[in-house]
Amino acid sequence: MLGAGDRNGAGVDGIGQGSPAAPASGQGLQALIEMLGGLLAPGSGLAVCWRDPRLGSGAAASEGVGEAVRARAAGALAGAATATALPADLLWEDGQTRVCVAVEPARALGDQPARAWRALAERVIGALVQSELSRLQVRSLQKSERLQQALYEIADLSGSSRDMHGMLARIHAVVATLMSAENFYIVLYDDLRETVRFLYFADRIDPWTAQPDRDLLLDEMPNSITVALLRHGHPMMGPSERIRAALGVPRDPAHGPDSADWLGVPMRRDSRVCGAIVVQNYDRPGSYTEEDRALLEYVAQHILTALDRNHARAELERRVEERTRELQHANAVLQAEVVERQRAERLQRALYRISEMSVTAGSLQRFYQDVHEVVGGLLYAENFYIAMLAADGERIEFPYSVDERDPVRRPRLMTNGLTEFVLTSGQPLLADRETIARLESCGDVRSHGTRAHCWLGVPLARDGSVIGAIAVQSYSPGILFEERDQELLTFVAHHIGGALSRKRAQESLKAAHAELEFRVEARTQELKDANRELRAQIGERMRAEQRLIHQARHDQLTGLPNREHLLERLDAAIARMHEPGTVPFAVLFLDLDRFKLVNDSVGHAAGDELLVEVGRRVRRTLSASDAVARLGGDEFAILLEDVDAPAAAAAVAARVLEALSKPVWVAGRELFPSASIGIAVWQPRYRHGEELLRDADAAMYRAKARGRDRSALFDEAMRAEATRLLDLEADLRRAIINNAFEPYFQPIVRLADGAVVGHEALLRWNHDLRGPLLPAEFIGVGEDSGLIEQVDWLMYAHVVRWLGTRADGYVSINVSPRHFHSDDFAERLLRLLDDAGADPRRLRIELTEVALLDDAPRVLRMLNILRGRGVLALLDDFGTGFSALSYLHRFPIQSLKIDQSFVAGLDGETRAESLALVRAILALAGTLGIDTIGEGVETEQQRHTLLQLGCQYGQGFLYGHPRPAD
């Protein structure tokens, strides 16, 4: 038959060579030759040649056939015409399959027998070829099936619960079904750490034993063919001697014997080599084919996947085990906390019980029994007694004792017993049998009654003096007391001592009451009268308390609820919103417009009367379920229940404004009050009433900004603006801590010749995210939060240091009106100059007209102090405020700075008006002998006009932009 057989594929007589892929079968050829030769005359012979891409190629001949016949068959297969061909010669073709038969008959054949023989031979050859192709396909399918089963089993092994060695041993067995794999090993490679690890090693000759958990350095095995394969990164096949030569690895007996055939393929994860699988045969060269190499490469990736899955499963198990241990530990800690909490609860109940026992009616003996019951709930107290010192201190008595061995304890003189040890030392004593024996042997104590296995006693004290002791004891070695029991009993005894003192005092009172009982009868009537008077006083006191409670929760002037009362209502309303089916609510924040004008004009009494009338009018516009509260001053807040939409709240606000707008007569004057109202409707983000009031307050300020006598609804834009201002304030506080402020200097020049006479220091904030910020972007937040003073002083320190480094010109700094509220501003500024070694005469301060008029006497005093040291004052933005002659005459002003809005108009559409204003300012300054500085000079025409009008100095972009000190 034709097909896959022995590797060399020799013919029947040893002539011919099969293809490596599919050599021909000798038995099949022999059958073909015998069958075709049997159709010829006896003594005839024949030669056969074939070629097929699937079955391979080869040649065979009958025994004794000459070379000429062989050559004729080979030539026909190659396609060459042969002159010596006989009529019986045959060329059979089917697609790419070609079979040639050359005949050497014993006698000549006629044409008819030759044609018959050829027809029969063609049918035989066709049937044989088809049979061999079918056999080859069956073998290929069987081999594919074996490979598929092997891969399924490898995938199944990766998900099994076998240990690593068991899984790899089974994989070894699976690979052995596919090829010669008696000698087999798997190695992992870490190219970053330059280490290898032999996960599995099986070899019938090499005695080396692998350690799967040990990493071997590549430097320790430089002559290993396996290491060379890992670094080479491509499959290698052949005798180990030839592979060493190809990879440049010298022979090293330490790495095992040479093999006749060696096949190794790398395992890859993505593009990196992460290991290898190697099989080798020590006996038969050429054991492995290219098909085996491709198969082993394919299997290697599945083995790597199995190893990864096994490693992932092991890692998952490790993490699960680790997490389980953590949960077990957390559970143990939680259980300990639960036990400790239960113990604390028992202790708390015991203390409540002790406190209750000290005030409840009952005999002292009953009190002792209750104490025993309380202690028994905390620790073992089957054997319990209370010992008390007698009044003379020489005897001890046992008013209560329960003991299974010594049921009766009689009073005795003070000796050296365990109880006496606690009474005299004033300290607790915890003693087991050995401790008691040691104390007795030392003569410190002497046992009375049955000796206990464990004894615990703690002192009872009153006013710092020991008056008795509590003791528990155990006669069983299985019940022992601990330090925690001692601490617990000591703590409880402290409370029992106080309760016992109160109980004994009650007993004394009872005795005193019994002694004075006859006197009570005589004074019964007197006590009844006193009782009636006392009842009257109690009633009056209760009414007073109710008035105080009402006053604490209501405004004294208007009688309306106050802030605390309203916040309670708001918190309750917020809590109800978590219940299903609840309708939302809203808060209105009301502030009277220009109420200060009423107080200043007609007096505070009239203002109070107006507030009362406002409260009445607001109350009349609301429903019974709504509430109005006065928060203080002229501020009111309204809680509107059941507001399903903001429009409903706005409608109520409109009714309130309409009610307030009606005239009211106060102190003989007809007033028309108005208010600004802010509205905040409940949203799920609100957690406290203060948050609603805050947002309604913000909305109220929006209403005032829009012109007063109106309402405004709080929205997300307000919230965003409030958040922005809050974040900006936080950034400003951090900037103060980090000193993130820097002065920028703009030159002040003489207009006549452009000479620089000084600089104005302008504040800049080097923001972490937004870069340098102008004062307009944060000065409002600084003023509102009061942080501007700290910022200014940081700025002044920078300016003074810079002033000390320059030898010419002056520097002017801007001073906020807030600084003049501090009595020591002038002294502090001068001290800053002295510490920096700067000349005060080269410093100017710039202030606005508002600062002069806020507190004129204080400002005048500070300006005179500064002027005495040479620090002069400049009046900034002149012409935009009051511009009155009175304060210019009173205050020591050295220069006026003409506002840039007037300077900008000198070459614009308002040139005539600006010329008139600037001319008036310059005339005023010239009359008072004050210098003038034009601000915002940006064009030559502006400079020329100012110079013609008589302005001496100027500053602006025409002469320079503000720049840092460097």
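If you're wondering where the values come from, they're calculated on a predicted model, not measured in any experiment.

Some points on the packing of helix α15 (residues 595-602) against helix α16 (residues 604-621)
Alright, step 1. It is at 7 Å that the axes of α15 and α16 come closest, and there the two elements cross at 140°. Taken together, the axes of α15 and α16 are oblique relative to one another. Only His604, Ala606, Gly607, Leu610 and Leu611 of α16 make contact with α15, whose side of the interface consists of Phe595, Val598, Asn599 and Val602.
Alright, step 2. Taken together, the residues of the contact of α15 with α16 break down into six nonpolar, three polar and no charged.

Remarks on the environment of Leu566
Alright, step 1. Position of Leu566 relative to the elements: it lies in helix α14 (residues 563-576).
Alright, step 2. Between the alpha carbons of Leu566 and Gly905 there is a distance of 55 Å; along the sequence they are 339 residues apart.
Alright, step 3. If we ignore the near neighbours within four places in the chain, the residues touching Leu566 are Ala629, Leu631, Ala637, Leu639 and Leu693.

Details of the sheet that holds strand β10 (residues 272-281)
Alright, step 1. The strand order β7-β6-β5-β10-β9-β8 describes an open sheet built from six strands, whose pairing is antiparallel. The open sheet has two edge strands with one neighbour each: β7 (216-217) and β8 (236-238).
Alright, step 2. Note: strand β9 (residues 261-269) against β10, nine bridges, orientation antiparallel. By the bridge assignment, Gly264 is partnered in β10 with Val278.
Alright, step 3. The sheet contacts of helix α4 (residues 164-176) involve β5 (183-190) and β6 (195-202), and relative to β6 the element is tilted by about 65°.
Alright, step 4. Across the sheet, helix α6 (residues 240-247) lies against β8 and β9, angled at about 140° from β8, the strand it touches most.

Topic: empty space enclosed by the protein
Alright, step 1. Taken as a whole and assessed by the stated rule, the structure comprises two cavities of 30 Å³ or more.
Alright, step 2. Around the largest cavity, the lining comprises 18 residues; the ones closest to its centre are Tyr385, Leu418, His448, Trp455 and Gln473.
Alright, step 3. Residue composition of the lining of the largest cavity, grouped by class: seven nonpolar, six polar and five charged.

Some points on helix α21 (residues 788-805)
Along an α-helix, a turn takes 3.6 residues, which lines up residues three or four apart on a common side.
Alright, step 1. Its 18 residues place the ends of α21 26 Å apart at the C-alpha level, agreeing with the 26 Å of an ideal helix rising 1.5 Å per residue.
Alright, step 2. Considered for burial, the residues of α21 that qualify are Ile788, Val791, Asp792, Trp793, Met795, Tyr796, Ala797, His798, Val799, Val800, Trp802 and Leu803.

Here's the deal with the confidence of the model for the protein
Alright, step 1. With 93% of its residues at a pLDDT of 70 or more, the protein shows a mean pLDDT of 82.
Alright, step 2. Confidence over residues 1-25 falls short of pLDDT 50; this stretch has 64 contacts with residues more than four positions distant or in other chains.

Considering the side chain of Asp634
Alright, step 1. Looking at the secondary structure, you find Asp634 in the loop between β18 (627-632) and β19 (635-640).
Alright, step 2. In this structure Asp634 is buried but unpaired, with Lys704 as the nearest side chain of opposite charge at 5.9 Å.
Alright, step 3. Once residues lying within four places of it in the same chain are set aside, the contact partners of Asp634 are Leu590, Asp591, Leu592, Phe595 and Leu611.

Regarding the sheet that holds strand β4 (residues 97-104)
Alright, step 1. A sheet is described by the order of its strands in space; here four strands give the open sequence β2-β1-β4-β3, paired in antiparallel fashion. Across the chains shown, the open sheet's two edge strands, defined by having one partner strand only, are β2 (56-61) and β3 (90-94). The sheet shows a mean angle of 10° between the axes of neighbouring strands, direction not considered.
Alright, step 2. Relative to the sheet, helix α2 (residues 67-78) contacts β1 (45-52), β2, β3 and β4, its axis offset from that of β4 by approximately 155°.

Parameters and conventions
- Residues numbered from 1 in each chain as written.
- Predicted model: local features only at pLDDT ≥ 70, side-chain atom pairs only at ≥ 80, totals over all residues.
- Heavy atoms only, no water.
- Axes fitted to C-alpha atoms, helices over the stretch in contact; angles between N-to-C directions.
- Helix = DSSP H or I, 4+ residues; strand = E, 2+ residues; numbered from the N terminus.
- Parallel < 35°, antiparallel > 145°, perpendicular 65-115°, else oblique.
- Contact = heavy atoms within 4.5 Å.
- Nonpolar A, V, L, I, M, F, W, Y, C, P; charged D, E, K, R; others polar.
- Pairing = 2+ DSSP bridges.
- 1 Å grid on protein atoms, 1.4 Å probe; cavity = no way out; pocket = protein on both sides within 12 Å on 5 of 7 lines; lining within 4 Å.
- Points joined across faces, edges and corners; volume = space filled by probe spheres on them.
- Expected span 1.5 Å × (residues − 1).
- Buried < 20%, exposed > 50% of the residue type's maximum accessible area, 1.4 Å probe, protein only.
- pLDDT = per-residue confidence, 0-100.
- Lys, Arg positive; Asp, Glu negative; His and termini not counted.
- Salt bridge = Lys/Arg side-chain N within 4 Å of Asp/Glu carboxyl O.

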